[in-house]
Amino acid sequence: QGDYSATVTNKKEDEFHYLNHSFNKMTQNLQELIHQVYEQKILMQRAELKQLQSQINPHFLYNSFFNIYRLAKDEDYENITEFSQYLGTYYQYITRNANMEVKLADEYNHAKTYCSIQQMRFHNRLDLRLDSLPQTYHNCSVPRLIIQPIIENAFEHGLKEVESPKLAITFTETAQEMCICIADNGPPLPEDVCLGLQQKLVSTDTSLETTAIINIHRRLQLKFGPDAGLQLSYGDLGGLLIVMHIPAPEGD
């Protein structure tokens, strides 16, 4: 039944004593192995997250400084103030603590701050739809940085060359789960590429290259179980649609 703390007690020095002792030793070894594997997975995911952050932050920071420089050259002081405030809020969230988990409301606010920065970078050409997070999930504990990297991926690989970029974050909710739907109108991925990404998400091969999407998918499943994670498809906007599945909070 999965209870590896079970032991057998037998004080008699008979032929069953050896069997009982071996059984107890086996259950102890199983507990140690399970703990070791679980701990290794946690450490691996933490390492992957730190690597992911180190890949994201410098590139984003360089671009942000360039935008502040451009605004200063145009003497657009009002937007410099607003942009600097967004940037400070963005980096405060990343660097303020080392917690691996946060409230989903905080995570979504961080993603919205990132979208506001991108809105200014795109000179308000960006058609942005950000729906409200369902109240039931505001205090749901989730891994840090599970929404913003997906949005960044959309900007880097989908919307960079689009003349009229569109991005939508919507929510659907059932009794069992909530889905965060992130869609863009970037060029559609070839079907084989989209299928290949989806296969990597369901693969148990830990030697696969860890992209932002795979990293987030693994951490969600480690936190919530196999029913959680990401799903890729084509969206109504014409580009990629990524659906994040988060189980309903316990007791609700």
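Before reading further, recall that the structure is shown in the block above.
Keep in mind the model is a prediction, meaning the values are calculated, not measured. (Residues numbered from 1 in each chain as written. Predicted model: local features only at pLDDT ≥ 70, side-chain atom pairs only at ≥ 80, totals over all residues. Heavy atoms only, no water.)

(A) Here's a closer look at the packing of aromatic side chains. Evaluated as defined, the whole model comprises 6 aromatic pairs. For the pair F66 and Y69, a centre-to-centre distance of 6.5 Å together with 35° between the ring planes defines the contact as tilted. Of this pair, F66 and Y69 are both found in helix α1 (residues 15-73), 3 residues apart, which corresponds to roughly one turn of the helix. Judged by its relative accessible area of 54%, F66 falls in the exposed class. Three or more aromatic residues joined by ring pairs make a cluster, and in this case those are Y90, Y91, Y114, F122 and F155. A cation over a ring is seen here: R144 above Y93, with NZ or CZ 5.6 Å from the ring centre. If you follow K223 out to its NZ or CZ, it ends over the ring of F224, 5.7 Å from the centre. (Phe/Tyr/Trp six-rings, centres within 6.5 Å; stacked < 30°, edge-to-face > 60°. Helix = DSSP H or I, 4+ residues; strand = E, 2+ residues; numbered from the N terminus. Buried < 20%, exposed > 50% of the residue type's maximum accessible area, 1.4 Å probe, protein only. Lys NZ or Arg CZ within 6 Å of the ring centre and 35° of its normal.)

(B) Looking closely at the sheet that holds strand β4 (residues 166-173). The sheet built from 5 strands is open, its strands ordered β2-β4-β5-β7-β6 with mixed pairing. Looking at strand neighbours, the two that pair on one side only are β2 (127-130) and β6 (229-234), the edges of this open sheet. Mean inter-strand twist for the sheet, computed between neighbouring axes without regard to direction, equals 20°. Pairing geometry for β2 and β4, over 4 bridges, is parallel. Its bridge partner being in β4, L128 is matched across the sheet by L167. Relative to the sheet, helix α4 (residues 148-159) contacts β4, β5 (177-184), β6 and β7 (240-247), its axis offset from that of β4 by approximately 140°. (Pairing = 2+ DSSP bridges. Axes fitted to C-alpha atoms, helices over the stretch in contact; angles between N-to-C directions. Contact = heavy atoms within 4.5 Å.)

(C) Just the packing of helix α2 (residues 77-95) against helix α3 (residues 104-121), in detail. Axis separation between α2 and α3 bottoms out at 10 Å; the angle between their running directions is 145°. Our pair here, α2 against α3, has a crossing hand that is left-handed. Contacts between α2 and α3 involve N79, E82, F83, Y86, L87, T89, Y90, Y93 and I94 on the former and, on the latter, D106, E107, H110, T113, Y114, S116, I117, M120 and R121. Grouping the amino acids of the contact of α2 with α3 by side-chain chemistry returns 9 nonpolar, 5 polar and 4 charged. (Left-handed = near helix turned anticlockwise from the far one by under 90°. Nonpolar A, V, L, I, M, F, W, Y, C, P; charged D, E, K, R; others polar.)

(D) Main features of the pattern of salt bridges. Per the stated rule, a full pass over the model turns up 2 salt bridges. R129 is paired through a salt bridge with D131; the nearest N and O atoms lie 3.0 Å apart. The class for R129 is partly exposed, based on a relative accessible area of 46%. (Salt bridge = Lys/Arg side-chain N within 4 Å of Asp/Glu carboxyl O.)

(E) Expanded view of the pairing of β5. Counted residue by residue, β5 has 7 buried out of 8 residues, so it is predominantly covered. Here β4 pairs with β5 via 7 bridges, running antiparallel. Across the sheet, the residue bridging to T172 is C179, located in β5. Taking the residues that link successive antiparallel strands as the turn, the β4-β5 hairpin has 3 residues. Pairing between β5 and β7: 7 bridges, direction antiparallel.

(F) Up close: the packing of α3 against α4. In contact at an axis separation of 9 Å, α3 and α4 are set at 25° when each is read in the N-to-C sense. In terms of their interaxial angle, α3 and α4 are classed as roughly parallel. Listed contacts from α4 to E107, H110, A111, Y114, C115 and Q118 of α3 are Q148, I151, E152 and F155. Of the residues contributing to the contact of α3 with α4, the split by class is 5 nonpolar, 3 polar and 2 charged. (Parallel < 35°, antiparallel > 145°, perpendicular 65-115°, else oblique.)

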